[in-house]
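# Per-entry structural report
Okay, here's what each chain looks like letter by letter:
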Amino acid sequence: VQLVESGGGLVQPGGSLRLSCAGSGFTFSNYDMNWYRQAPGKERELVATITGVGGSTNYADSVKGRFTISRDNAKNTVSLQMNSLKPEDTAMYYCNARYQLPPIKFVYWGQGTQVTVSS
């Protein structure tokens, strides 16, 4: 199983970045896909979710209206379009795949991609 993120980098405040995550080794379409982030000295937080069934989305209040999560099950990818970036969006961003049908639960993580918002 692999989750490989890409697309991070340095961007000025107000700018945009698009993160991508490619999954392999599991049935991608069955999994809810999530983006988390963790800033130095802070706990990891859930940023956005897209369900495997139906493609419903949910966002943290801090990114609503600025970030958009999407998925392409044919390509086994999930993306996070980030607009109007702020310095407080600076963090390591992690892709996460979760399948849960009690008592079965599978959770996978990517290695992370750094996003830095600074002038």
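All of the points below concern the structure found in this document. The residue numbering used here restarts from 1 in each chain and proceeds along that chain's sequence as written. Restriction of local features to residues with pLDDT of at least 70 applies here, the model being predicted, together with a cutoff of 80 or more for giving and counting side-chain atom pairs; totals for whole chains, interfaces and linings are based on all residues. Each side-chain value is worked out from all heavy atoms of the structure, with water and hydrogens disregarded.

A word on the state of the cysteines. Only a pair of cysteine sulfur atoms within 2.5 Å counts as a disulfide in this structure description. Under the definition given, this model contains one disulfide. Here Cys-21 connects covalently by a disulfide to Cys-95, the sulfurs 2.1 Å from one another. Handedness here is read from the sign of the S-S torsion; for Cys-21 and Cys-95, about -80°, the answer is left-handed. Of the two residues, Cys-21 sits in strand S3 (residues 17–24) while Cys-95 sits in strand S9 (residues 91–101), which places them 74 residues apart along the sequence. Assigned by exposure class, Cys-21 and Cys-95 land together as buried. Helix and strand assignments come from DSSP, with helices taken as H or I runs of at least 4 residues and strands as E runs of at least 2, each series counted from the N terminus. Only protein chains enter the accessibility calculation, which uses a 1.4 Å probe; a residue whose area is less than 20% of its type maximum is buried, one above 50% is exposed, and one in between is partly exposed.

Aromatic pairing here means that ring centres of Phe, Tyr or Trp (its six-membered ring) are within 6.5 Å. Orientation follows from the plane angle: under 30 degrees is stacked, over 60 is edge-to-face, and everything else is tilted. Going through the model one piece at a time under the given rule, you end up with eight aromatic pairs. For the ring pair Tyr-31 and Tyr-108, a centre distance of 5.8 Å and an interplane angle of 25° mean the geometry is stacked. Remark: Tyr-108 occurs in strand S10 (residues 104–109) and Tyr-31 occurs in the loop between S3 and strand S4 (32–38); sequence separation between them is 77 residues. A relative accessible area of 6% means that Tyr-31 is categorised as buried. Through a chain of ring-to-ring contacts, three or more aromatic side chains come together here, namely Phe-26, Phe-28, Tyr-31, Tyr-99, Phe-106 and Tyr-108. Stacked on the ring of Tyr-94, the Lys or Arg Arg-44 has its end atom at 3.9 Å from the ring centre. In this analysis the charged atom, NZ for Lys or CZ for Arg, is taken to sit over a ring once it is within 6 Å of the ring centre and within 35 degrees of the ring normal. Positioned above the aromatic ring of Trp-109, the side-chain terminus of Arg-44 is 4.6 Å from the ring centre.

By salt bridge we mean one thing: a side-chain nitrogen of Lys or Arg within 4 Å of a carboxyl oxygen of Asp or Glu. Applying the stated criterion to the full structure yields four salt bridges. Residue Glu-45 is joined to Arg-37 by a salt bridge in which the shortest nitrogen-to-oxygen separation is 2.6 Å. Residue Asp-61 is joined to Lys-64 by a salt bridge in which the shortest nitrogen-to-oxygen separation is 3.2 Å. Note on Asp-61: relative accessible area 66%, which makes it exposed. Overlapping salt bridges, with partners in common, bring together Arg-37, Glu-45, Arg-66 and Asp-89 in one network.

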